Amino acid sequence: MSRSVWKGPFVDSYVLKKAEKSRESGRNEVIKIWSRRSTILPQFVGLTFGVYNGQKHITVAVSEDMIGQKFGEYAPTRTYYGHAADKKAKRK
């Protein structure tokens with residue numbers, strides 16, 4: 001279920017502050033964030049975020065195509081190693 005339009009997109013306040021501070025400084029450094037639920041806004045375009053996936057920070061360079069999506073979509077939390085049956089099939 002999506003968020004209602006009149007409320008606007010959800011973004012944690014500390015993510016906005018960090019992005020604004022990074023824009024003012026002009027340095028292109030990775031901004032570490034833990035808020036996977038925050039929506040990517042137009043003012044984040046061109047910045048690089050380190051989104052936490054539970055183990056480490058995954059580097060995400062924000063582009064125009066990402067606006068309106070969540071940061072968590074770009075930092076997968078689970079690693080898929082394949083099915084056990086695949087190994088038997090490859091031996092033949």
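Summarised in this report is the structure supplied together with it. (Residues numbered from 1 in each chain as written. Predicted model: local features only at pLDDT ≥ 70, side-chain atom pairs only at ≥ 80, totals over all residues. Heavy atoms only, no water.)

### Here we look at the nonpolar core
- The biggest cluster of nonpolar side chains holds 16 residues, and the ones touching the most others in it are V15, I33, F44, F49, V51, V62 and F71.
- Listed by contribution, the elements that provide at least two residues to this core are α1 (13-25), β1 (30-33) and β2 (48-52).
- Leaving out residues up to four positions away in the same chain, V62 has contacts with I40, F44, V45, G46, L47, F49 and F71. (Core = buried A, V, L, I, M, F, W, Y, C linked by side-chain atoms within 4.5 Å. Buried < 20%, exposed > 50% of the residue type's maximum accessible area, 1.4 Å probe, protein only. Helix = DSSP H or I, 4+ residues; strand = E, 2+ residues; numbered from the N terminus. Contact = heavy atoms within 4.5 Å.)

### Let's talk about the pairing of β2
- The element β2 is largely enclosed, with a buried count of four among its five residues.
- Inspection of the sheet shows β1 paired to β2 by four bridges, in the parallel sense. Each bridged residue has a counterpart across the sheet, and for I33 the counterpart in β2 is V51.
- Of the pairings in the sheet, the one linking β2 to strand β3 (residues 57-61) comprises five bridges and is antiparallel in character. Considered in β3, the bridge of V51 is made with I58.
- In this antiparallel pair of consecutive strands, β2 and β3, the connection spans four residues, and G54 shows a positive phi of 110 degrees. (Pairing = 2+ DSSP bridges.)

### Regarding the sheet that holds β1
- On the basis of which strands lie adjacent, the open sheet formed by three strands has the order β1-β2-β3 and mixed pairing. What marks the edges here is a single partner per strand, and that holds for β1 and β3. Pairwise comparison of adjacent strand axes, ignoring direction, gives a mean angle of 30 degrees for this sheet. (Axes fitted to C-alpha atoms, helices over the stretch in contact; angles between N-to-C directions.)

### Section: α1
- The end-to-end C-alpha distance of α1 is 19 Å, a good match for the 18 Å that 13 residues give at a rise of 1.5 Å each.
- Listed as buried for α1 are V15, A19 and S22. Buried positions in α1, seen along its axis, are confined to an arc of 65 degrees and lie on one side of it. For α1, the exposed residues set more than 90 degrees away from the buried face come down to K17, E20, K21 and E24.
- Those residues of α1 that are buried are in contact with β1 and β2.
- In the segment just after α1, G26 is the residue with positive phi, at about 80 degrees. (Expected span 1.5 Å × (residues − 1). Arc of directions from axis to C-beta.)

Such coordinate-based values are descriptive only and should not be taken to indicate function.
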